[in-house]
Amino acid sequence: MLTGKKILLGLTGGIAAYKGAEICRLLVRGEALVKVVMTKNACAFITPLTMQTLSGSRVYTETFSPENYQIDHVSLARWAQALVVAPATANIIGKMAHGIADDLLTTLFLARGRMPVLLAPAMNSEMFRDKIFQDNLTALKKRGIYTADPGSGQLACGSSGEGRMAEPREVLDALAGLLQERQDFTGLKVLVTAGPTREPLDPVRYFSNRSSGKMGFALARAARDRGARVHLIAGPTSLTVPDGIQYQEVMTAAQMYEAVLGEAPEMHVVIKAAAVADYRPLEQAGDKIKKDSASLTVTLAKNPDILKTLGERKGPGQILVGFAAETRDLLENAAHKLARKNLDVIAANDVSRPDIGFEGDQNALTLLFAGGGREDIPPGSKDQVAHRLLDAVLRIKNRP
Ligand code: CTP
């Protein structure tokens, strides 16, 4: 799957550099085009000559090389389709997380543009568990950097624990996954809803919630990238509308109800990531409400449940995905909604956790399936999580 792909392989200074050499060998055997960049410390563990022999081309170690007046960090970043750093030490991860560019590898990381980056961390388990290191790793993941997570096992320091670099094959699988130009949604029409709804109280005030719309937008982009025809219906957000999809903005739950029910019969898959307001002010004042009384009572009326209606009208073969944003009893509440709304999958989202959920760039979900079954999607960028959710949808769609 990596045939013809242009891969930059970065090696940093750790004993797992030998696994970096093996990755290089496997890439070349898989007919990928490999260029190797080594940090100064990597050269203490393995020689550039070894890597040159394995990759079959010049190894890059200096930011500015006299024999080549091209600016390597820029030309290499432009050349490559992906950057893999294996092993990635705590040091390089710290530098990348903070934008430090003091050698060729860190500089070309900053010059990466849209090139995907995969890191294979490797270090002693104390270092791996350290809060500062974990914060750095999380900061990179939030920016969409991929990781091949380390496993547990015997470490070079003699102890045993977490921090041992992922095996070369696992790194290559992760790389193949992120480079795959999957078109597995070709021919499918996907409707996604995103963002909050706004329920006006008067011309200047409204009831709403903290949904940013990022998860729904990530789902719409991911489905588009995989070949689906995507219709996105969103409440008010500050996000950029993705290219290549049909987009419709609504304000209230009632408007979302109309828009969604109008489109749904045509759709193969409906994903309701929107955080729809359950209630709206029963009456909307025509003029701005003045503060002339000591207290104000607002009567709220229940909004229609869009997803429940979709569940009642579900077409043959149509796949219905709901979200359950919960602050307690996550799985119980989600399971209840899955059954009550006649869904195929529900994505349970623990919004009480500050690191994932509503406004952030990261998420983690637990999927519950109709008829039983559960899948945990670990924390990752909302784009990564979106792809995992789409993988699950496709598995249901392709079930015999
Ligand atoms: N939903 C919907 N229409 C509503 C309310 C919710 O379509 N009026 C959808 C959401 O888009 C989400 C799912 O239903 O996919 C679950 O939403 P949530 O607010 O978690 O559940 P509710 O059914 O509103 O239940 P509760 O607020 O009591 O937890």
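The structure contained in this document is the topic of the report that follows. Position numbers for residues count from 1 along each chain, tracking the sequence in the order it is written. Residue-level local features of this predicted model are given only where pLDDT is at least 70; pairs of side-chain atoms are given and counted only at 80 or more, and the full residue set underlies all totals for whole chains, interfaces and linings. With hydrogens and water excluded, all non-hydrogen atoms of the structure serve as input to the side-chain values.

1. Some remarks on the sheet that holds strand β12 (residues 229-234)
Rule in force here: At least two bridges found by DSSP between two strands are what make those strands a pair. Secondary structure elements follow DSSP: runs of H or I no shorter than four residues count as helices, runs of E no shorter than two count as strands, and numbering proceeds from the N terminus. Axis definition: a line fit to C-alpha positions, over the contact stretch in the case of helices; interaxial angles, taken between N-to-C directions, run 0 to 180 degrees.
One open sheet holds the 8 strands; their spatial order is β13-β12-β9-β14-β17-β18-β19-β20, and the pairing between them is mixed. Edge positions in the open sheet fall to β13 (246-249) and β20 (374-381), since each of these has one partner strand only. The mean inter-strand angle of the sheet, taken between neighbouring strand axes irrespective of direction, is 15°. In the sheet, strand β9 (residues 189-194) pairs with β12 via 6 bridges, with the strands oriented parallel.

2. Some words on the site of the ligand
What counts here: Residues are counted as near a molecule or strand when any one of their heavy atoms sits within 4 Å of it. Under the rule applied, a polar contact is a pair of N or O atoms within 3.5 Å (in protein, one hydrogen donor and one hydrogen acceptor; residues adjacent in sequence only if both atoms are side-chain atoms). Any residue that is not Ala, Val, Leu, Ile, Met, Phe, Trp, Tyr, Cys, Pro, Asp, Glu, Lys or Arg is counted as polar, Gly included; the first ten are nonpolar and the last four charged.
Close to the ligand lie 15 residues, the nearest being Lys272, Ala274, Asp278, Lys337 and Lys341. A distance of 2.7 Å separates an oxygen atom of the ligand from a polar atom in the backbone of lysine 272. Note that an oxygen atom of the ligand is positioned 2.8 Å from one of the side-chain N or O atoms of lysine 337. Among the elements of the structure, α12 (306-312), β17 (319-326) and α13 (330-340) are those that each provide at least two residues to the shell around the ligand. With 4 residues, the single largest contributor to the shell around the ligand is β17. Looking at the shell around the ligand residue by residue, the class counts come to 8 nonpolar, 1 polar and 6 charged.

3. Digging into the pattern of salt bridges
The cut-off we apply is this: Between Lys or Arg on one side and Asp or Glu on the other, a salt bridge is scored when a side-chain nitrogen of the former is within 4 Å of a carboxyl oxygen of the latter. For the exposure calls, accessible area comes from a 1.4 Å probe over protein chains only, and a residue counts as buried if that area is under 20% of its type's maximum, exposed if over 50%, partly exposed in between.
Under the criterion given, the structure shown has 22 salt bridges. A salt bridge links glutamate 167 to lysine 19, with the shortest nitrogen-to-oxygen separation between them at 3.2 Å. With glutamate 167 in the loop between β8 (160-164) and α9 (168-179) and lysine 19 in helix α1 (residues 17-29), this pair connects stretches of sequence that are 148 residues apart. The partly exposed category is assigned to glutamate 167, whose relative accessible area is 32%. Since its relative accessible area comes to 5%, lysine 19 is described here as buried. One salt bridge connects glutamate 22 with arginine 25, and the closest N-O pair in it is separated by 3.0 Å. Note that glutamate 22 and arginine 25 are positioned in helix α1 at a spacing of 3 residues, about one turn of the helix.

4. Digging into the packing of aromatic side chains
Rule in force here: Centre distance within 6.5 Å is the pairing criterion for rings of Phe, Tyr and Trp, where only the six-membered ring of Trp is used; planes under 30 degrees apart are then read as stacked, over 60 as edge-to-face, and the remainder as tilted. Cation placement over rings: the criterion is NZ of Lys or CZ of Arg within 6 Å of the ring centroid and within 35° of the ring normal.
By the definition in use, this model includes 2 aromatic pairs. Seen in terms of ring centroids, phenylalanine 128 and phenylalanine 133 are 5.6 Å apart; in terms of plane orientation they differ by 45°. Their pairing is tilted. We note that phenylalanine 128, like phenylalanine 133, is buried. Centroid distance phenylalanine 217 to tyrosine 247: 6.1 Å. Interplanar angle 65°. Geometry classified as edge-to-face. Taken together, the residues phenylalanine 217 in helix α10 (residues 214-225) and tyrosine 247 in strand β13 connect sequence positions 30 residues apart. Residue phenylalanine 217 is classed as buried on the basis of its relative accessible area, which comes to 1%. Over the aromatic face of tryptophan 79 sits the side chain of lysine 35, whose NZ or CZ is 4.5 Å from the ring centroid. If you follow arginine 112 out to its NZ or CZ, it ends over the ring of phenylalanine 109, 4.3 Å from the centre.

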